[in-house]
Amino acid sequence: MVEIGTGLNSRHERVDNGRARWYELDLPEVIDLRRNSFADSPRRTMIAASATDRAWAAEVASHATGPYLFVPEAVLPYLHEPDVRRVIDLLAGHFPGALLARDTVGPGFFDAQEQHDALSKVEARMNWYCPGPAQLVDWRPGAHVLASHILTSLPEESVAQLPVPWQQMVSAMAAQRLPQAEGYRLNFLRLP
Ligand SMILES: C[S@@+](CC[C@H](N)C(=O)[O-])C[C@H]1O[C@@H](n2cnc3c(N)ncnc32)[C@H](O)[C@@H]1O
């Protein structure tokens, strides 16, 4: 499991299965900050690098045999398209057949970022939007879209697994028909 652009995410604390090997990657200054709250362990390693840097992929591939799951949550939209392609290419090149769980924003969300109540107040801006899940297949023929859902149109069985406050939040967002919610997609893919 490799969390790309981990920030201060506590995914390991929340969903670790007690067996998986975890890597948590972010830019060096963010990993410095992260080390104030989280620590490496025999199954958990922080990596200070850019996602676009080939060296981290070679290091992970040399230490962990797979199967691999990559999770760049709220990360790729902040890169420019050539860097998004660089990340996809290095994942497909080093980890053929790996699973990729990534979120994408569509043009409606991208164009609304200056009006977003929280996103408009931070310095970082999204630099890339994804026209649809098929784009990855165009970029990397042989990739498979295993699932792809707009946040406010998740399958009922998926919503039922969420904590009740989250179910209520998703249904309230769906009722408002906000471009930022309707343009936010959760994608589960297999790399070629
Ligand atoms: C919006 S935050 C998301 C953090 C975390 N994934 C989460 O969902 O809580 C975006 C993260 O991507 C990281 N990031 C941005 N560009 C990056 C790059 N080139 N390589 C690695 N991480 C990057 C940022 O430092 C930041 O921690």
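Above this note sits the structure.
Residues numbered from 1 in each chain as written. Predicted model: local features only at pLDDT ≥ 70, side-chain atom pairs only at ≥ 80, totals over all residues. Heavy atoms only, no water.

S.K.: Could you clarify how one ought to interpret the site of the ligand in this entry?
M.R.: Around the ligand, the surrounding shell holds 15 residues, and the nearest of these are Gly5, Asp26, Ser50, Ala51 and Glu73. One of the side-chain nitrogen or oxygen atoms of Ser50 is found 3.1 Å away from a nitrogen atom of the ligand. Within the backbone of Glu73, an N or O atom sits 2.8 Å from a nitrogen atom of the ligand. Relative to its unbound accessible surface of 600 Å², the ligand loses 74% to contact with the protein. Grouping the constituent residues of the shell around the ligand by class yields eight nonpolar, five polar and two charged. (Near = heavy atom within 4 Å. Polar contact = N/O pair within 3.5 Å; in protein donor to acceptor, adjacent residues only side chain to side chain. Areas by Shrake-Rupley, 256 points an atom, 1.4 Å probe, with all protein chains shown as cover. Nonpolar A, V, L, I, M, F, W, Y, C, P; charged D, E, K, R; others polar.)

S.K.: It is not clear to me how the side chain of Asp103 should be interpreted in this structure. Could you clarify?
M.R.: With respect to the secondary-structure elements, Asp103 resides in strand E5 (residues 99–105). Put simply, Asp103 is tucked away with no salt bridge, and the nearest opposite charge, on Arg102, sits 7.5 Å away. At 2.9 Å, the side chain of Asp103 and the backbone nitrogen of Ala74 are in polar contact. Within the structure, Asp103 has its side chain in polar contact with the side chain of Tyr184 (distance 2.5 Å). (Helix = DSSP H or I, 4+ residues; strand = E, 2+ residues; numbered from the N terminus. Buried < 20%, exposed > 50% of the residue type's maximum accessible area, 1.4 Å probe, protein only. Lys, Arg positive; Asp, Glu negative; His and termini not counted. Salt bridge = Lys/Arg side-chain N within 4 Å of Asp/Glu carboxyl O.)

S.K.: Quick question: what am I supposed to make of the packing of aromatic side chains here?
M.R.: Aromatic ring pairs are defined here through the distance separating the ring centres and the angle between the ring planes. The final tally for this structure, using the stated rule, is eight aromatic pairs. The interplanar angle of 75° and the centroid separation of 6.3 Å between the aromatic rings of Phe109 and Tyr184 together place this pair among those described as edge-to-face. Remark: Tyr184 occurs in strand E7 (residues 184–190) and Phe109 occurs in helix H5 (residues 107–111); sequence separation between them is 75 residues. Of the residues examined, Phe109 reaches a relative accessible area of 8% and is grouped as buried. Seen from their ring centres, Trp128 and Trp139 are 6.0 Å apart, and the 35° between their planes marks the pair as tilted. Separated by 11 residues along the polypeptide, Trp128 in the loop between H5 and helix H6 (134–139) and Trp139 in helix H6 bring together distant segments of the chain. Each member of the pair Trp128 and Trp139 is classed as buried. Through successive ring pairs, a cluster of aromatic residues spans Trp56, Tyr68, Phe70 and Phe95. When the ring centre of Phe38 is taken as reference, the NZ or CZ atom of Arg34 above it lies at 4.1 Å. (Phe/Tyr/Trp six-rings, centres within 6.5 Å; stacked < 30°, edge-to-face > 60°. Lys NZ or Arg CZ within 6 Å of the ring centre and 35° of its normal.)

S.K.: What is the right way to look at the side chain of Gln113 in this model?
M.R.: Inspection of the secondary structure puts Gln113 in the loop between H5 and H6. A polar atom in the side chain of Gln113 sits 3.3 Å from the backbone oxygen of Phe110. Apart from the residues within four sequence positions on either side, Gln113 is in contact with Leu119, Ser120, Arg125 and Met126. (Contact = heavy atoms within 4.5 Å.)

S.K.: Would you mind showing me how to read the pattern of salt bridges here?
M.R.: Oppositely charged side chains may form a pair once their charged atoms are brought near each other. Within the structure shown, the criterion is met by 11 salt bridges. In this structure, Asp40 engages Arg35 in a salt bridge whose closest nitrogen and oxygen atoms are separated by 3.6 Å. Where Arg125 meets Glu114, a salt bridge forms, and the shortest distance between an N and an O atom there is 2.8 Å. Highlighted residues: Arg125 in the loop between H5 and H6 and Glu114 in the loop between H5 and H6, separated in sequence by 11 residues. Assessed through its relative accessible area of 47%, Glu114 is described here as partly exposed.

S.K.: What is the right way to look at the sheet that holds strand E4 (residues 69–71) in this model?
M.R.: Paired through backbone hydrogen bonds, the strands of a sheet run either parallel or antiparallel to each other. Strand order in this open sheet of seven strands is E3-E2-E1-E4-E5-E7-E6, and the pairing throughout is mixed. Each edge of the open sheet carries a strand with a single partner, namely strand E3 (44–48) and strand E6 (144–150). Pairwise comparison of adjacent strand axes, ignoring direction, gives a mean angle of 20° for this sheet. When E4 meets E5, the two strands line up parallel, connected through two bridges. (Pairing = 2+ DSSP bridges. Axes fitted to C-alpha atoms, helices over the stretch in contact; angles between N-to-C directions.)

S.K.: Just checking my understanding: could you explain the environment of Ile31 for this structure?
M.R.: On the secondary structure map, Ile31 appears in helix H2 (residues 28–34). In this structure the C-alpha to C-alpha distance between Ile31 and Gly5, which are 26 residues apart in sequence, comes to 9.5 Å. Once residues lying within four places of it in the same chain are set aside, the contact partners of Ile31 are Thr6, Glu24, Leu25, Asp26, Met46, Ile47 and Ala48.

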